[in-house]
Amino acid sequence: MARQQAEEQISRLVQSCPDMPSLRRIHALLLKISPPSSSFFALSKILGFCASSPSGDMAYARRIFLQMPSPNIFSWNSMIRGCSNLHPPSTEPISIYRTLLRRGSASPNSFTLSFALKACSLVLALCEGAQIHAQACKFGLDSSPFVLTALLNLYAKCELVGEARSVFEAAQEKNLVTWSVMIGGYARVGMVNEALEMFRKMQEMGIEPDEVTMVSVISACARSGALGLGRWLHALVDRKGISLDMELSTALLDMYAKCGSIAMARKLFDAMPERDTKAWSSMIAGLAVHGLVEDALALFAEMRSVKVKPNEVTFIGVLSACAHRGLVSEGRRFWSTMQELGVHPSMELYGCMVDLLCRAGLVDDANSFVSAMPIPPNSVIFRTLLVGCKNTKMVETGEDVARKLLELEPTNAENYVLLSNLYAQSFQWEKVGRLRKTMKDRGVKAMPGLSCVEVGGRVHEFIAGGGSHPEMEGIRKMMKEIEERIRRAGHRPVTAMVMHDVGEEEKEMALCEHSERLAIAFGMMKMAPPVIIRVVKNLRVCADCHEVTKIISREFEQEIVVRDRVRFHRFKGGVCSCGDFW
Ligand code: ZN
Ligand code: ZN
């Protein structure tokens, strides 16, 4: 009886314990009054503190856990949860969960499963997560709101929206959290219409969105360039009086920047009372992608002067700004500043530097830079080099780079197309033919071009060559009209860049059906100036489409903004903002 009272008292002490040194003293006191084998209750409280309090100590928790002959479920849960809070995330919590099942001394409850599922989503351990899902059904815990939310989170993180959707549909109670996770899942994989449909449904049910949900849907709009929808959401934030905290402001400014409205992005940024690294970096990257190089670099200088620490993303913005304007010596200076500031050069940063050198025509320098990299370069870096070789007609270096690239990525058609174009430029038709045969033998198929355009509150997607859009007939008619007008304006298609084993006429046909042409035609069918047509494309815009869009902007007096994989192009009055450099 006396020992039980002492244990209870110790548990109360743990509850008000401020830090680890005090906890160690409490632990010592417990050991004095009873051996670890007979004080489960108090010991599990001590373990809980070490594993889950912000001032806890996971190493100490592990030691206590190992001394427990048969830990209760509370202690197992503390361990699984504590280990998943460690950085960087590991598979340790999943192994602990497995040990629990193997020993069979305690039964998992809904907390155990939700902590284990969270651990799976952190390391994207989909197989393990699916097993836990099956176990949840077996234990009859699959309808617990904790488990459901964790499952939804796992599937959404792993981009399995179908699975996430069925978990969501099965949930009896949909509280705010499950809606947010589902919307976030759609947003992550770029399914903007689905994310917005879910958002509208949620509102119909009378569930008020919070900042987290708003950030999710707004970033969905940013991904697909849906400016109209993004504006509507911004108005909704204002109307609902949702507080514009730093994260929401940053999501909005990022959306405006990515949807081509850089002035609005800047307005939001300037109005922010406080700005963290993410806000500065988003703004700098936004300016860079719009080709506003001076503004981007001036903002970086300002960021440094107010002593906000730049990170990897900031330097990606800064270096890509330099690349857009061919500022090689500035770029090199930023590269050393970056290292002085202790920002570790990531693969993406190496890629930025290679791009900067290649665009400036310094392909040899870029090549030596890549050879000196301390980490093995990835395919993106080799591809950037190959583009550089193509632009400067360096066949030998190009062949060397292409060999390494094709070793890493033997089935990516873009790589073959680049090398083939390099050969074609120097009239080495025999090699072009051989390459085409290799492609056929390896079964390599071109990645389809994909363009989106926002019309009437929905994002419409187009695949190169047509696809199954319900209004295809009208689009083809519109395209014919456009074609005639631009032909009369003197346009002759640039067919050199199309790799097809076909005659000129069919080449032209292939060009006309590039996805951005379909998206632009559809936009012109449904909208009229002064409405700007905004298109987002997954690949680089080809030379012919670029030329055609310039002519359309003059002949039809239609302003068109295209965001391709690399940058923004604003076509107006027959010229493009990129100055034909992209
Ligand atoms: Zn094209
Ligand atoms: Zn352009």
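Look up a bit, the structure's there.
Residues numbered from 1 in each chain as written. Chains lettered and ligands numbered in written order. Predicted model: local features only at pLDDT ≥ 70, side-chain atom pairs only at ≥ 80, totals over all residues. Heavy atoms only, no water.

Draft legend 1. Quick look at the coordination of the zinc ion (ligand 2). Of the protein atoms, only His546 (NE2), His569 (ND1), Cys576 (SG) and Cys578 (SG) coordinate the zinc ion (ligand 2), at distances of 2.0 to 2.2 Å. The sequence pattern formed by the donor residues of the zinc ion (ligand 2) is H-x22-H-x6-C-x1-C. Judged by relative accessible area, cysteine 576 falls into the buried class, the value being 9%. (Donors = N, O, S within 2.8 Å, 3.2 Å for Na, K, Ca; no water. Buried < 20%, exposed > 50% of the residue type's maximum accessible area, 1.4 Å probe, protein only.)

Draft legend 2. Seen up close, the environment of alanine 489. Here alanine 489 shows up in the loop between α27 (472-488) and α28 (504-512). The exposure class of alanine 489 is partly exposed, given its relative accessible area of 30%. Counting along the chain gives 319 residues from alanine 489 to alanine 170, while the straight-line C-alpha distance between them is 58 Å. In contact with alanine 489, not counting residues within four places along its chain, are Ile551, Arg554 and Glu555. (Helix = DSSP H or I, 4+ residues; strand = E, 2+ residues; numbered from the N terminus. Contact = heavy atoms within 4.5 Å.)

Draft legend 3. Representation of the sheet that holds strand β1 (residues 450-455) in the model. One open sheet accounts for six strands, arranged β2-β1-β3-β4-β5-β6; its pairing is mixed. The sheet terminates laterally at β2 (458-463) and β6 (575-576), the two strands that pair on one side only. Inspection of the sheet shows β1 paired to β2 by six bridges, in the antiparallel sense. Its bridge partner lying in β2, valine 453 is registered against histidine 460. (Pairing = 2+ DSSP bridges.)

Draft legend 4. The coordination of the zinc ion (ligand 1), seen in detail. Protein-derived coordination of the zinc ion (ligand 1) comes from His514 (ND1), Cys542 (SG) and Cys545 (SG), at a distance range of 1.9 to 2.3 Å. Accessibility expressed as a relative area gives 17% for cysteine 542, which makes it buried.

Draft legend 5. How the structure looks around helix α29 (residues 515-526). Taking 1.5 Å of rise per residue, the twelve residues of α29 would be expected to cover 16 Å, and the 17 Å separating its terminal C-alpha atoms lies within 8% of that figure. Within the span of α29, buried status applies to Ser515, Glu516, Arg517, Leu518, Ala519, Ile520, Ala521, Phe522, Gly523 and Met524. (Expected span 1.5 Å × (residues − 1).)

Draft legend 6. How the structure looks around the pattern of salt bridges. One pass over the full model with this rule turns up 26 salt bridges. A salt bridge links glutamate 208 to lysine 240; the nearest nitrogen and oxygen atoms lie 3.4 Å apart. Placement of the pair is glutamate 208 in the loop between α12 (192-204) and α13 (211-224) and lysine 240 in helix α14 (residues 227-240), with a sequence separation of 32 residues. Across the salt bridge formed by arginine 266 and aspartate 270, the nearest N and O atoms sit 3.3 Å from each other. Here aspartate 270 and arginine 266 lie together in helix α16 (residues 262-271), a separation of four residues that amounts to about one turn. (Salt bridge = Lys/Arg side-chain N within 4 Å of Asp/Glu carboxyl O.)

Draft legend 7. Broad picture of the nonpolar core. Counting residues in each nonpolar core, the largest one holds 156 residues, and the members touching the most others are Leu23, Met214, Met255 and Leu385. Formed by 30 residues, the second largest nonpolar core is a distinct cluster that contains Ile475, Ile486, Met524 and Val541. (Core = buried A, V, L, I, M, F, W, Y, C linked by side-chain atoms within 4.5 Å.)

Draft legend 8. The arrangement of the packing of helix α19 (residues 312-325) against helix α20 (residues 328-340) in detail. Closest axis-to-axis distance for the α19/α20 pair is 9 Å, and the angle between their directions is 165°. With respect to α20, the axis of α19 lies roughly antiparallel. Like other packed secondary-structure pairs, α19 and α20 cross with a definite hand, here left-handed. Contact residues: α19 offers Phe315, Val318, Leu319 and Cys322, while α20 offers Glu330, Gly331, Phe334, Trp335 and Met338. Class assignment for the residues of the contact of α19 with α20 results in seven nonpolar, one polar and one charged. (Axes fitted to C-alpha atoms, helices over the stretch in contact; angles between N-to-C directions. Parallel < 35°, antiparallel > 145°, perpendicular 65-115°, else oblique. Left-handed = near helix turned anticlockwise from the far one by under 90°. Nonpolar A, V, L, I, M, F, W, Y, C, P; charged D, E, K, R; others polar.)

Draft legend 9. Here's a closer look at the state of the cysteines. Summed over all chains, the structure comprises zero disulfides. As a non-bridged cysteine, cysteine 17 has cysteine 50 as the owner of its nearest cysteine sulfur, 8.6 Å distant. Looking at the unpaired cysteine 158, the closest cysteine sulfur is the one in cysteine 120, lying at 8.6 Å. (Disulfide = S-S within 2.5 Å.)

Draft legend 10. Expanded view of the packing of aromatic side chains. Using the criterion set out here, one finds 13 aromatic pairs in the structure. Taking 6.3 Å as the distance between ring centres and 90° as the angle between the ring planes, the aromatic pair formed by phenylalanine 199 and tryptophan 232 counts as edge-to-face. With phenylalanine 199 in helix α12 and tryptophan 232 in helix α14, the pair connects residues that are 33 residues apart, well separated along the chain. Judged by relative accessible area, phenylalanine 199 falls into the buried class, the value being 0%. Ring centres 5.5 Å apart and planes at 75° place the aromatic pair tryptophan 335 and phenylalanine 369 in the edge-to-face group. Here the residue tryptophan 335 occupies a position in helix α20, and phenylalanine 369 occupies one in helix α22 (residues 363-371), the gap between them amounting to 34 residues. Its relative accessible area of 10% is what places tryptophan 335 among the buried residues. Positioned over the ring face of tryptophan 232 is arginine 200, at 5.6 Å from the centre of the ring. Directly above the ring of phenylalanine 269 sits arginine 275, whose terminal nitrogen or CZ lies 4.4 Å from the centroid. (Phe/Tyr/Trp six-rings, centres within 6.5 Å; stacked < 30°, edge-to-face > 60°. Lys NZ or Arg CZ within 6 Å of the ring centre and 35° of its normal.)

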